[in-house]
Amino acid sequence: MPGTVKLGDPLIHVESCRSTQALLDPSMAEGTVALADFQTAGRGRLGRTWEAPPRAAVLASILLKPPAERPLPQLALVAGVGVADALERLTGLSVQIKWPNDVMLRRAKVAGVLAEAHDGAVMLGIGVNVNQSRDELPERAGSIRTATGREWDRDEVLDAVLADLGVRYDQWREGGLDAVYDGLGSRDFLRGRTVTVDGTTGTAELIDRDGRLRVSTGHGESVVIESGEVQYER
Ligand code: BTN
């Protein structure tokens, strides 16, 4: 699988749209990015809404065409690693990944990823909270501003995310999740926490090398979870 995929070439930038994935079409070139200053109907995982005030967040969808042998759920983790690399590089703070798709800064969710398959392509949605104030954010969410105490240039954040995600995407295309695991295993936010996933409660042990969450349920027993919504104790 030769070559690298340049993310953001071309870049479609609109002031407002329902949601950025609606600006993409699977016939477009891999790496096309749709960016909006505001979404009127932004979507999160599991049918949730994703809201941000105008010009406060990075709201982007990226058209990708990964090799068929790469499992789609891994792509959300790969994107999480790319976003975490970028935010660490920009802020100098350590960033964690909360399985399966959240990026955490100072124990608050600062970015979310949504990977959806469409006709052989994947639309990878990324929302990064950049300049929201505390009262513009949901509970348990944060922004780069709330974590660092100052405002950030959204273009600078976008450029860093696209560059670092591009590197991680190429590594994953060529070498699978093993190739990005250095940026994932060590950033596991849930590790050691008490979690409940779809009715199973235990202690999160690790994100395994296939991208699944291993939860210890006691007496030396573990379950491996492929997907789901995690509740955790602080
Ligand atoms: C989540 O954490 O639930 C995923 C959130 C993904 C939000 C981004 S913002 C850009 C793109 N457009 C959307 O409507 N959703 C994604």
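Scroll up to find the structure.
I will try to describe carefully the structure that is included in this document. Please read these numbers as outputs of a predicted model, since none were measured by experiment.

So, about the environment of R154. Position of R154 relative to the elements: it lies in helix 3 (residues 154–175). Taking C-alpha positions, R154 is 6.8 Å from V130, a pair spaced 24 residues apart along the chain.

Right, let's get into the pattern of salt bridges. As enumerated under the stated definition, the model contains 18 salt bridges in all. Of the charged contacts in the structure, one is a salt bridge between E88 and R187, with a shortest N-O distance of 3.1 Å. Remark: R187 occurs in the loop between helix 3 and strand 8 (194–197) and E88 occurs in helix 1 (residues 72–91); sequence separation between them is 99 residues. Accessibility expressed as a relative area gives 9% for R187, which makes it buried. D178 is the partner of R209 in a salt bridge, and the nearest nitrogen-oxygen pair spans 2.6 Å. With a gap of 31 residues between them, R209 in the loop between strand 9 (200–207) and strand 10 (213–218) and D178 in the loop between helix 3 and strand 8 connect regions that are remote in the sequence.

This paragraph deals with the nonpolar core. Looking at soluble globular proteins, one finds that nonpolar side chains tend to be buried together. Membership of the largest hydrophobic core comes to 59 residues, with the highest contact counts inside it found for I62, L87, L124, V128, V157, L190 and L213. No other element matches the 11 residues that helix 1 contributes to this core. In this view, I62 contacts L7, L24, T32, V33, V122, M123, L124, I126, L162 and L165; residues no more than four positions away in its chain are not counted. Grouped together as the second largest cluster of nonpolar side chains are 5 residues, L24, L63, A121 and M123 included.

With that out of the way, let us pick up the pairing of strand 9. Taken together, the 4 bridges between strand 8 and strand 9 define a ladder with antiparallel strand orientation. Opposite V197, over in strand 9, you have T200 as the bridge partner. Remark: 2 residues form the turn of the hairpin made by strand 8 and strand 9, two consecutive strands paired antiparallel; D198 in that turn has positive phi of roughly 45 degrees. Between the end of strand 9 and the start of strand 10, which pair antiparallel, lie 5 residues, with G211 showing a positive phi angle near 90 degrees.

Right, let's talk about the sheet that holds strand 9 for a bit. Taken in spatial order, the 5 strands make up an open sheet running 11-10-9-8-12, and their pairing is antiparallel. Edge strands, defined here as strands with exactly one partner in the open sheet, are strand 11 (221–225) and strand 12 (230–232). Sheet twist, expressed as the mean angle between neighbouring strand axes with direction ignored, is 45 degrees.

Next up on the list: empty space enclosed by the protein. Regions of empty space are outlined by a rolling probe, equal in size to a water molecule, passed over the atoms. This structure, assessed with the given rule, holds 1 cavity of 30 Å³ or more. Roughly 40 Å³ of volume is contained in the largest cavity. Around the largest cavity, the lining residues are R107, F189, R193, Y232 and R234.

Thresholds applied
- Residues numbered from 1 in each chain as written.
- Predicted model: local features only at pLDDT ≥ 70, side-chain atom pairs only at ≥ 80, totals over all residues.
- Heavy atoms only, no water.
- Helix = DSSP H or I, 4+ residues; strand = E, 2+ residues; numbered from the N terminus.
- Salt bridge = Lys/Arg side-chain N within 4 Å of Asp/Glu carboxyl O.
- Buried < 20%, exposed > 50% of the residue type's maximum accessible area, 1.4 Å probe, protein only.
- Core = buried A, V, L, I, M, F, W, Y, C linked by side-chain atoms within 4.5 Å.
- Contact = heavy atoms within 4.5 Å.
- Pairing = 2+ DSSP bridges.
- Axes fitted to C-alpha atoms, helices over the stretch in contact; angles between N-to-C directions.
- 1 Å grid on protein atoms, 1.4 Å probe; cavity = no way out; pocket = protein on both sides within 12 Å on 5 of 7 lines; lining within 4 Å.
- Points joined across faces, edges and corners; volume = space filled by probe spheres on them.

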